Structures are given as C-alpha cells and as structure tokens.
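Letter by letter, the chains look like this.
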Amino acid sequence: MGMDSKKLSARLKQPGHDRTFRASETNFVKALGMLLPKDEWIIRDHPGDLRQLISGRYGVVPEASIEYRPTGRKVYFEVKKQGPAGNADERACKHHTVQFYAVMRAHTGYSYHPFVTIMCDSLATDERYTTKHPAYFEPDQYFCWVDYDLDALSAFIEKLRQQWLAKK
C-alpha cells in the first residue's frame, strides 16, 4: 500500500536526482555581482565562515553572502527553488528558528538575524507556499524572487542595506 524501501528503491527518479536548483543558486550569485558595486560590497559564493558554527564542528554553507564594506556587516542567503510539489520551504525553516537566531547572534554579535531565504519558482508564486511564508518567516527574512526580476531583488537588497547593513 505505502512506499516501503523496496518500492522507493525501484523509483526511476530518486530524491536528489533533480539538480535544477543549481540554476537558481547560480542566477542569484550572478545577480548580486551585477547589482552590487565591488567598491562597496564583497560577494562570496558558498562562503565557509559558518561551516563550524555549531560546537566548532558543524554548521551551514549558504549559497552566498554579501558584506557591506563601509560597516563590515554581512547577510547570508539560502536559495530555495521547487516546482508545484515539495518541501523546500519547510527545509528552509531550520535557519529561522528561535534557537538558530540565538546561535547566529552569539556568533556575529549583530542585532539582526543575518540569514535570508530567497524563494524561487513555485516557492515565490504558488499560493500554496506564499500563504505560509509569513507564518514560517519573519518579515524581511525571506524574499520571493518572482521571475528572477533584478529590479525587485535590487530593491530588496537596498532595504536590507538600509535596515541592517548601513548601521554601525
């Protein structure tokens, strides 16, 4: 009746086979490079500075980070993409728990939570997901990047700069 291990193993398309998320990640890092002048910003693709965040042994490697040179403050980005079915939004929630906020605050000393989730494709447009985002994520901790619109992303990054990064 259900999906036992034999049935799961027999599936032609296994979890992890879909690698199309790489395009969204690559598009995001390229977009940051196009939008943010190098004299003001440092952009890192898959930064490693949170790799040992937890107990000096475990951590996370987000898709990108930006550092505002005038203040040295950073924001880390996790890029999530999926079609009309899946749970990428739920997996993103691990970076937005009360305890993860505390761990990041202790690590960075920032008064803001420097971890933002970028929602792409159906996560950015499908009512099934967009209705739930405000229940899972604090305002400005996620961005629905509809159609990979550079102007909308630029406005969001500018808002983060003003709210968090420009303040000492």
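Residues numbered from 1 in each chain as written. Predicted model: local features only at pLDDT ≥ 70, side-chain atom pairs only at ≥ 80, totals over all residues. Heavy atoms only, no water.

(A) Region of the structure containing the overall build of the chain. Within the chain, the secondary structure is distributed over eight helices and five strands. Counting from the amino terminus, the chain carries its helices and strands in the arrangement α-α-β-β-β-α-α-β-α-α-α-β-α. Per-residue burial for the chain yields a buried fraction of 39% across its 168 residues. Here the chain displays about 9,500 Å² of accessible surface, and carbon together with sulfur accounts for 52% of that area. (Helix = DSSP H or I, 4+ residues; strand = E, 2+ residues; numbered from the N terminus. Buried < 20%, exposed > 50% of the residue type's maximum accessible area, 1.4 Å probe, protein only. Areas by Shrake-Rupley, 256 points an atom, 1.4 Å probe, with all protein chains shown as cover.)

(B) Looking closely at the side chain of Lys74. With respect to the helices and strands, the residue Lys74 is situated in strand 3 (residues 73-82). A polar contact of 3.0 Å, which involves the side chain of Lys74, links it to the side chain of Asp49. Once residues within four sequence positions are removed from consideration, Lys74 is found in contact with Arg44, Asp49, Ile66, Glu67, Tyr110, Tyr112, Pro114 and Leu165. (Polar contact = N/O pair within 3.5 Å; in protein donor to acceptor, adjacent residues only side chain to side chain. Contact = heavy atoms within 4.5 Å.)

(C) Focus on the nonpolar core. If you look at the biggest cluster of nonpolar residues, it comprises 25 residues, and the most contacted ones within it are Phe28, Ile66, Val75, Phe77 and Ile118. If you list the elements that add at least two residues to this core, you get helix 2 (21-35), strand 2 (64-68), strand 3, strand 4 (115-121) and helix 8 (150-165). Aside from chain neighbours lying at most four places away, what touches Phe77 is Phe28, Pro62, Glu63, Ala64, Ser65, Ile66, Val116, Ile118, Ile157 and Leu160. One finds Ala92, Met119, Leu123 and Tyr142 within the second-largest nonpolar core, a separate group that totals nine residues. (Core = buried A, V, L, I, M, F, W, Y, C linked by side-chain atoms within 4.5 Å.)

(D) Up close: the packing of aromatic side chains. If you walk through the whole model with that rule in mind, you get 11 aromatic pairs. With 5.0 Å between their ring centres and 75° between their planes, Trp145 and Tyr148 make a pair best called edge-to-face. A residue is classified by how much of its surface remains accessible, and Trp145, at 1% relative accessible area, is buried. Classification of Tyr148 by relative accessible area gives partly exposed; the value is 25%. Among the aromatic residues, those joined into a cluster by ring pairs are Phe28, Phe77, Trp145 and Tyr148. (Phe/Tyr/Trp six-rings, centres within 6.5 Å; stacked < 30°, edge-to-face > 60°.)

(E) Geometry of helix 4 (residues 98-108). Buried within helix 4 are the following residues: Phe100, Tyr101 and Met104. The arc that holds every buried residue of helix 4, seen down its axis, measures 105°, which confines them to one face. Opposite the buried face of helix 4, at more than 90 degrees from it, the exposed residues are Val98, Gln99 and Ala106. Packing partners of the buried residues in helix 4 comprise strand 3 and strand 4. Taken from the residues just after helix 4, Gly109 is the one with a positive phi, measuring 75°. (Arc of directions from axis to C-beta.)

(F) How the structure looks around the sheet that holds strand 4. Here we have five strands laid out as an open sheet, ordered 1-2-3-4-5, and mixed in their pairing. Both outer strands of the open sheet, strand 1 (41-45) and strand 5 (142-144), are each paired with one neighbouring strand and no more. Along the sheet, successive strands turn relative to each other by an average axial angle of 20°, direction set aside. As defined by bridge partners, strand 3 adjoins strand 4 across seven bridges and the pair is classed as parallel. From the neighbouring strand, Tyr76 faces strand 4, where its bridge partner is Phe115. Packed onto the sheet, helix 8 meets strand 1, strand 2, strand 3, strand 4 and strand 5 and runs at close to 145° relative to strand 3. (Pairing = 2+ DSSP bridges. Axes fitted to C-alpha atoms, helices over the stretch in contact; angles between N-to-C directions.)

(G) Focus on the pattern of salt bridges. The final tally for this structure, using the stated rule, is seven salt bridges. For Lys80, the salt bridge identified is with Glu78, shortest N-O distance 3.5 Å. A salt bridge links Lys159 to Asp140; the nearest nitrogen and oxygen atoms lie 3.0 Å apart. Here Lys159 is found in helix 8, whereas its partner Asp140 is found in the loop between helix 7 (133-136) and strand 5, with 19 residues between them in sequence. Take Lys159: its relative accessible area is 40%, and that puts it in the partly exposed class. (Salt bridge = Lys/Arg side-chain N within 4 Å of Asp/Glu carboxyl O.)

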